[in-house]
Amino acid sequence: MRKWAVLFTFLAVLLVGCGSRPPTPSLNAGDVKIPVVLGTYAWKNVVADAPGPNYLVKDTESVTVSPGTEVTIKFSGKPDRMILSRWEGQESREEVELESNKFTLPEEKGEYIYSIRAEWGKNKSGLYAFIVKVE
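A brief report on the enclosed structure follows. (Residues numbered from 1 in each chain as written. Predicted model: local features only at pLDDT ≥ 70, side-chain atom pairs only at ≥ 80, totals over all residues. Heavy atoms only, no water.)

Examining the packing of aromatic side chains
Summed over the entire model, instances satisfying the criterion amount to seven aromatic pairs. Plain terms: the ring middles of F75 and W120 are 5.3 Å apart, the flat faces sit at 85° to each other, and that makes the pair edge-to-face. Here F75, found in the loop between β6 (70-74) and β7 (81-88), pairs with W120, found in the loop between β10 (110-119) and β11 (125-134); they are 45 residues apart in sequence, far enough to count as distant. Judged by its relative accessible area of 15%, F75 is buried. Its relative accessible area of 11% is what places W120 among the buried residues. Linked through ring pairs, W43, F75, W120 and Y128 together constitute an aromatic cluster. Positioned above the aromatic ring of W43 is the side chain of K124, whose terminal nitrogen or guanidinium carbon lies 5.1 Å from the ring centre. (Phe/Tyr/Trp six-rings, centres within 6.5 Å; stacked < 30°, edge-to-face > 60°. Helix = DSSP H or I, 4+ residues; strand = E, 2+ residues; numbered from the N terminus. Buried < 20%, exposed > 50% of the residue type's maximum accessible area, 1.4 Å probe, protein only. Lys NZ or Arg CZ within 6 Å of the ring centre and 35° of its normal.)

Next comes the structure, spelled out in structure tokens:
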């Protein structure tokens with residue numbers, strides 16, 4: 001019985017340690033932490049589909065930030081590529097490939113839904129959604 005418990009524990013640690021989901025980024029607008037929600041992703045042998053960013057953040061409270069604030073994105077493992085999109089309803093209105101781990105929020109007041117698509121080599125990617133209120 002003890003051998004089975006040790007084997008089960010070892011397998012559980014191995015499976016959790018390998019991770020079947022992409023890393024979650026830390027987003028900060030100045031000293032304000034922005035919560036993110038993982039959407040569609042492909043990681044190792046796992047592919048998961050999710051609804052669009054506007055649906056992903058529907059139960060997430062927006063954080064209030066100042067106009068023109070710089071947002072910093074930090075991952076535990078740096079992605080090879082990051083694409084930032086701003087959403088209105090079901091449609092992406094703006095899309096830009098980020099050259100660094102930073103971007104600037106709009107000067108105009110309003111509530112904005114964004115997504116970040118991060119890619120790590122072949123067949124490893126994650127889409128993350130977040131919502132901010134610029135005031």
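Examining the pattern of salt bridges
Taken as a whole and assessed by the stated rule, the structure comprises 10 salt bridges. Across the pair K58 and D59 runs a salt bridge, and its minimum N-O distance is 3.4 Å. With relative accessibility at 47%, the residue K58 sits in the partly exposed group. Among the residues examined, D59 registers a relative accessible area of 68% and is labelled exposed. For the salt bridge of E91 with R93, the shortest nitrogen-to-oxygen distance reads 3.5 Å. Among the residues examined, R93 registers a relative accessible area of 45% and is labelled partly exposed. Taken together, the shared-partner salt bridges in this structure form one network comprising R86, E88, E91, R93 and E94. (Salt bridge = Lys/Arg side-chain N within 4 Å of Asp/Glu carboxyl O.)

The values reported here are purely geometric and, on their own, carry no functional implication.
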